[in-house]
Amino acid sequence: VILLDPKNISMVFNDILLVGKACGVLNKAEELVNSLQQRMNAVLSKVESAPKVKVYYEVWYNPLMSVGPGTFIHDLIQLAGGENIFKDAKTSYPIVSAEEVIARDPEVIIVPSGYMTYGNMTAEQVKEMIASRPGWNEISAIKNNHIYIVDENLLVRPGPRLIDGLELLAKLIHPELFK
């Protein structure tokens, strides 16, 4: 029996190696980790000198909930060249107010697709609903139409897909670097 509970990308890489060793395929696990590290380093090198972009990730909408430190999503935002607007939260998944979001003026808004979000609404309907919230028309992300719906499985499941999520976030946060 092996229990895995990684808290960051480095721990995910270590867990991949552990599972590879336990299953007798350590070489394949090492190849996978090396490939993932190369992809991660490619993103890091592209965004390292870019200005930090303020990002709001909305986990839930009633009440508004975002991400704080200690989450994969927070780490991925930071690695992708963004700055999580709730990086100072006291919990991993803080309940936030609309006024806090407006005051912190995110330049990019990320909303997960998946079973926890908005029922049967289309991505465009979700974007319209967010943009129509009272006072949110003053937020930079709304003014510039930088609201993105992403597959939550790329950001919350501690496995190799986290690097797919990192690449996607970097392209959304810094599209000018990934043309």
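Preceding block: the structure.
All chains use their own residue numbering, which begins from 1 and follows the written sequence. Per-residue local features of the predicted model are confined to residues with pLDDT of at least 70, and side-chain atom pairs are confined, for both listing and counting, to 80 or more; whole-chain, interface and lining totals are unaffected and use all residues. The side-chain numbers reported here are obtained from all heavy atoms of the structure, hydrogens and water having been left aside.

Draft legend 1. A look at the side chain of Asp 15. One can find Asp 15 in helix H1 (residues 9-22). Relative accessibility thresholds used throughout: buried, under 20% of the residue-type maximum; exposed, over 50%; partly exposed, between the two (1.4 Å probe, protein chains only). Residues scored as positive are Lys and Arg, those scored as negative are Asp and Glu, and His as well as the terminal groups of each chain are ignored. A carboxyl oxygen of Asp or Glu within 4 Å of a side-chain nitrogen of Lys or Arg is what we treat as a salt bridge. Among buried charged residues, Asp 15 stands out as having no salt bridge; its nearest opposite-charge side chain is Lys 7, 9.5 Å away. With near-sequence residues (within four places) excluded, Asp 15 lies in contact with Leu 4, Asp 5 and Pro 6. Helix numbering and strand numbering both begin at the N terminus, where a helix is a DSSP run of H or I of at least 4 residues and a strand a DSSP run of E of at least 2. Only heavy atoms matter for contacts: two residues are in contact if any of them lie within 4.5 Å across the pair.

Draft legend 2. Fine view of the pattern of salt bridges. Under the defined criterion, the tally for this structure stands at eight salt bridges. In this structure, Arg 39 and Glu 167 form a salt bridge, with 2.6 Å as the shortest nitrogen-oxygen distance. Here the residue Arg 39 occupies a position in helix H2 (residues 26-47), and Glu 167 occupies one in helix H8 (residues 161-173), the gap between them amounting to 128 residues. Through salt bridges with shared partners, one network takes in Arg 39, Asp 164 and Glu 167.

Draft legend 3. Quick peek at the sheet that holds strand E5 (residues 108-113). Strand order in the open sheet made by the four strands is E4-E1-E5-E6, with parallel pairing throughout. Here the strands that pair on one side only, and so sit at the sheet edges, are strand E4 (82-84) and strand E6 (147-151). The average angle at which neighbouring strand axes cross in this sheet is 35 degrees, direction not considered. A strand pair is defined by DSSP finding two or more bridges across the two strands. Of the strand pairs in this sheet, strand E1 (residues 53-57) and E5 are connected by three bridges, and their pairing is parallel. Following the sheet pairing, Tyr 56 is matched in E5 by Ile 109. Comment: axis = line fitted to C-alpha atoms, over the contacting stretch for helices; angle = value between 0 and 180 degrees taken between N-to-C directions. Against the sheet, helix H3 (residues 72-79) engages E1 and E4, with an angle of about 145 degrees to E4. Against the sheet, H8 engages E1, E4, E5 and E6, with an angle of about 145 degrees to E5.

Draft legend 4. Main features of the environment of Trp 136. Along the chain, Trp 136 falls in the loop between helix H5 (123-131) and helix H6 (140-143). Classification of Trp 136 as buried rests on a relative accessible area of 0%. With 100 residues separating them along the chain, Trp 136 and Leu 36 place their C-alpha atoms 37 Å apart. Apart from residues no more than four positions distant in its own chain, Trp 136 is found in contact with Tyr 56, Glu 58, Leu 64, Ala 98, Val 101, Ile 102, Ile 109, Ile 130, Ala 131 and Ile 142.

Draft legend 5. Quick peek at unusual backbone geometry. Residue Asn 62 is joined to Pro 63 through a cis peptide bond whose omega torsion reads 0 degrees. Structurally, Pro 63 can be placed in the loop between strand E2 (60-61) and strand E3 (64-65). In this structure, Asp 105 is a non-glycine residue whose phi angle is positive, near 45 degrees.

Draft legend 6. The arrangement of the packing of H3 against H8 in detail. Where H3 contacts H8, the two axes come as close as 9 Å, and the packing angle between them is 50 degrees. In terms of orientation, H3 and H8 fall into the oblique class. The handedness of the crossing between H3 and H8 is right-handed. From H3, Phe 72, Leu 76, Ile 77 and Leu 79 reach across to H8, where they touch Leu 162, Leu 166, Leu 169 and Ile 173. Note that Gly is not counted as nonpolar here; it falls among the polar residues with everything else outside the nonpolar set of Ala, Val, Leu, Ile, Met, Phe, Trp, Tyr, Cys and Pro and the charged set of Asp, Glu, Lys and Arg. When grouped by side-chain class, the residues that make up the contact of H3 with H8 number eight nonpolar, no polar and no charged. If an angle is under 35 degrees, it is roughly parallel; if it is over 145, roughly antiparallel; if it lies from 65 to 115, roughly perpendicular; otherwise it is oblique. Here is the rule for handedness: rotate from the far helix to the near one, and if that takes an anticlockwise turn smaller than a right angle the crossing is left-handed, while a clockwise turn gives right-handed.

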